[in-house]
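Below are the chains, spelled out letter by letter.
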Amino acid sequence: MSDAGDTQEPLYQQVKRDLVAAISRGEYIADEPFISQREVCERFGVSTTTAVRALNELVTEGYLVRHRGRGTFVAERPAEPPQARERSIAYIMHGHGPHNTDIIDGIGSVCAELGYRMFLSDTKGSAAAQERALRQALDTQASGVALYPVDGHAESPALDELRRRKVPLVMVDRYLPEVPTDAVLFDNFAAGYQLTRYLIGQGHRRIMALWDATDCTSVQERLSGHVRALREHGIPISPELTALTTYLRLPDERRRAMLAGLLERAEPPTVLLCANGYVLAHAATDLTRMGVQVPEKVELAGMDDAGPFDLLPLTVAAAQLPSRDMGERAMRLLAERIDQPDSGREIEHIVLPIEIRTRDAASAYLRVVSTQSA
């Protein structure tokens, strides 16, 4: 049983979940005595109060039945016809904005076509909230799960349980190297590589990379592409310009102090290459507050267009992501896994191409100016 401090889930709920899973596996047979309150306490290391509540709720929910003078037994639960249970999938995401909206639209369109119901959970970047959402998918017996994983590599008992129960799982946007599962991804290496090559072709040799998340595969692959392009053009790798450290999550004053220190150097960066649209929006705001004009003093570029608004008018170039296509492809792959659970197919990573859009393609462009003196 997982530690309650990791998931913020009450102990009695964890006990219930594990007992329901044991019943589902056939460890306890209908009309035979169920484990006692004392055995629950010993098995799970919980108090009598916790054991009593878990058992009482299992009786209320129909998993168990009590016979006066005989004890507690697993209830008879008639088998469901193969098509009786509603087919549903859980999409567990984090964040907001057009990128996530397009992924949801893509998943939803395929769900409607194939007759699935989608349950949506937003973890807001919290590993604990992600764990709770995965547990909910298990408890509601979702046919499959699409997961936009949070940053980091925290242990996840719920993911282990999904694999143990053979519930199909497809990750979107990024993947967890330690979790062998299907994924639908963007070509993040190409985003970093092609965008950097374009900027070098425009005469930029001091390119400052600004990051948001740092502990996820999508960002690490973009950094690899960025570094490859610099090396191919004989541009030295400067730790102060390429270091994988967060910018977006710094306090306002620290972000601006960081930018000011770089722009005041004898050889300042000529372009800020932003990890995503939210980083770019914050950079534009910070530069405005600092009195720095864009593009006269420094240019902006975006490794993706996942932000609060259309980025292209503010940038010299930005990578465009096929977000809706990602949602559609993820749901179709998930549906295949649900329909063919024992097909023996190998794990599949679908990589979608990105497109570099340049300012030349925009109908107009914006300048960042400030009435404050530089």
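Everything discussed here concerns the structure shown above.
Conventions adopted
- Residues numbered from 1 in each chain as written.
- Predicted model: local features only at pLDDT ≥ 70, side-chain atom pairs only at ≥ 80, totals over all residues.
- Heavy atoms only, no water.
- Helix = DSSP H or I, 4+ residues; strand = E, 2+ residues; numbered from the N terminus.
- Buried < 20%, exposed > 50% of the residue type's maximum accessible area, 1.4 Å probe, protein only.
- Contact = heavy atoms within 4.5 Å.
- Pairing = 2+ DSSP bridges.
- Axes fitted to C-alpha atoms, helices over the stretch in contact; angles between N-to-C directions.
- Core = buried A, V, L, I, M, F, W, Y, C linked by side-chain atoms within 4.5 Å.
- Arc of directions from axis to C-beta.

K.L.:
Any chance you could explain the overall build of the protein here in plain terms?
P.N.:
In terms of helices and strands, the protein carries 13 helices and 13 strands. A total of 374 residues make up the protein; the buried ones form 48% of that total. Within the protein, residue pairs in contact and separated by at least 24 positions form 71% of the contacts whose partners lie at least 6 positions apart.

K.L.:
Could you clarify how one ought to interpret the sheet that holds strand 10 (residues 299-302) in this entry?
P.N.:
Strand order across the open sheet formed by 5 strands is 8-9-10-11-13, with mixed pairing between neighbours. Edge positions in the sheet fall to strand 8 (207-210) and strand 13 (355-358), since each of these pairs with one other strand and no more. With direction set aside, neighbouring strand axes in the sheet form an average angle of 25 degrees. Where strand 11 (residues 317-320) lies against strand 13, 4 bridges are found, and the strand directions are antiparallel. Bridge assignment links Gln-320 to a residue of strand 13, and that residue is Glu-355. Where helix 12 (residues 277-290) meets the sheet, its contacts fall on strand 8, strand 9 (271-274) and strand 10, and the angle it forms with strand 10 comes to roughly 165 degrees.

K.L.:
When you look at the nonpolar core in this model, what are you seeing that I'm missing?
P.N.:
As a rule of thumb, soluble globular proteins bury nonpolar side chains together. Counting residues in hydrophobic clusters, the biggest one holds 41 residues, and the most contacted among them are Leu-210, Leu-272, Leu-287 and Leu-300. Among the elements of the structure, helix 8 (188-201), strand 8, helix 9 (217-232), helix 11 (252-263), strand 9, helix 12 and strand 10 are those that each provide at least two residues to this core. Per-element accounting of this core gives the leading share, 6 residues, to helix 12. When neighbours within four sequence positions are excluded, Leu-272 is seen to be in contact with Met-208, Leu-210, Leu-259, Leu-287, Val-298, Glu-299, Leu-300 and Ala-301. Formed by 29 residues, the second largest nonpolar core is a distinct cluster that contains Ile-103, Cys-111, Ala-190 and Met-326.

K.L.:
Before we go on, may I ask you to explain helix 3 (residues 37-44) in this structure?
P.N.:
Residues lying three or four places apart along an α-helix face the same way, a consequence of the helix completing one turn every 3.6 residues. Here helix 3 has its buried residues at Val-40, Cys-41 and Phe-44. What you see down the axis of helix 3 is that its buried residues fit within an arc of 100 degrees, all on one side. Of the exposed residues in helix 3, the ones pointing more than 90 degrees away from its buried face are Arg-38 and Glu-42. After helix 3 finishes, the residue Gly-45 shows a positive phi value of roughly 65 degrees.

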